[in-house]
Amino acid sequence: INDNVKTFGIEPNSIITNKHWEDALIYIKNTSQKIDLIFLDPPYKMECLNYAIDKIVEYDLLSDKGLIVCEVSKDYLKRWDNLEEIKNKKYVDTK
């Protein structure tokens, strides 16, 4: 990840941390920065995905045009009033 960030010259605009995901969200919250792109890829059918998105929303981590990209088991992701689904791609039993 560090090499890719350097290659694309986006170091000043990147946060890379080696923390448990809950600690990482708190860390980002404490920086008062807004995030443009968040990738979430937990094991299928783990409730932590919905919880993680709840925390991202609660902590107001996304920028105005920020995106969350995640892969989930079919019909597993709940809906949020203040988030919009932009694209949904179905593979065998995932979206």
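What you see is a predicted model, and the numbers here were worked out from it, not measured in a lab. Just so you know, the residues in each chain are numbered from 1, in the order the chain's sequence is written. Given that the model is predicted, a residue must reach a pLDDT of at least 70 before its local features are reported, and side-chain atom pairs must reach 80 or more before they are shown or counted; all residues, however, enter totals for whole chains, interfaces and linings. Excluded from the side-chain calculation are hydrogens and water; included are all heavy atoms of the structure.

Visitor: Before we move on, could you go through the overall build of the protein and cite the residues and values that matter?
Guide: When helices and strands are counted, the protein shows three helices and two strands. The order of helices and strands in the protein, counted from the N terminus, is α-α-β-α-β. Partly exposed residues are those whose accessible area sits between 20% and 50% of the maximum for their type, while under 20% is buried and over 50% is exposed, using a 1.4 Å probe and protein chains only. For the protein, buried positions account for 25% of its 95 residues. By the convention used here, residues are in contact when the closest approach between their heavy atoms is within 4.5 Å. A sequence separation of at least 24 residues applies to 58% of the contacts in the protein between residues at least 6 apart. Values of accessible area rely on a 1.4 Å probe in the Shrake-Rupley scheme; residue burial ignores everything except the protein chains shown. When the accessible surface of the protein is summed, it comes to about 7,500 Å², and 49% of that surface belongs to carbon and sulfur atoms. Runs of H or I in DSSP of at least four residues are treated as helices and runs of E of at least two as strands, each being numbered from the N terminus.

Visitor: Talk me through the environment of glutamate 84; I want residue IDs and the actual numbers.
Guide: Inspection of the secondary structure puts glutamate 84 in the segment after strand E2 (62-70). Taking the C-alpha atoms as reference points, glutamate 84 and leucine 67, separated by 17 residues in sequence, lie 9.5 Å from one another.

Visitor: Talk me through the environment of serine 32; I want residue IDs and the actual numbers.
Guide: Within the fold, serine 32 resides in the loop between helix H2 (21-31) and strand E1 (35-40). Residue classification places serine 32 among the exposed positions, given a relative accessible area of 62%.

Visitor: Can you lay out the pattern of salt bridges for me, pointing to particular residues and giving the numbers?
Guide: Side chains bearing opposite charge may pair, as long as their charged atoms lie close to each other. What makes a salt bridge here is a side-chain nitrogen of Lys or Arg within 4 Å of a carboxyl oxygen of Asp or Glu, nothing more. Counted by the stated rule, this structure contains two salt bridges. Across the pair lysine 34 and aspartate 60 runs a salt bridge, and its minimum N-O distance is 2.7 Å. Separated by 26 residues along the polypeptide, lysine 34 in the loop between H2 and E1 and aspartate 60 in the loop between helix H3 (48-58) and E2 bring together distant segments of the chain. Between lysine 55 and glutamate 58 there is a salt bridge whose closest N-O contact spans 3.0 Å. A residue pair is termed a helical-turn pair when its members lie 3 or 4 positions apart in one helix, as lysine 55 and glutamate 58 do in helix H3 at three residues. According to the relative accessible area criterion, glutamate 58 is exposed, its value standing at 52%.

Visitor: So, the side chain of serine 63: which residues are in play, and what are the values?
Guide: Among the structural elements, serine 63 can be located in strand E2. Polar contact is the term for a pair of N or O atoms within 3.5 Å; when the atoms are in protein, one must be able to donate a hydrogen and the other to accept it, and sequence-neighboring residues count only if both atoms are side-chain atoms. A polar contact of 2.7 Å, which involves the side chain of serine 63, links it to the side chain of aspartate 36. Other than its neighbours up to four places away in sequence, serine 63 contacts Lys34, Ile35 and Asp36.

Visitor: Lay out the nonpolar core in plain terms, naming residues and giving numbers.
Guide: If you look at the biggest cluster of nonpolar residues, it comprises 13 residues, and the most contacted ones within it are Leu25, Ile38, Leu40, Leu49, Ile53, Ile56 and Leu61. Of all the secondary structure elements, the ones that give two or more residues to this core are H2, E1 and H3. With residues near it in sequence (within four places) discarded, leucine 25 still touches Ala52, Lys55, Ile56, Tyr59 and Leu61. Side-chain atoms within 4.5 Å link the members of a nonpolar core, which is a set of buried Ala, Val, Leu, Ile, Met, Phe, Trp, Tyr and Cys residues.

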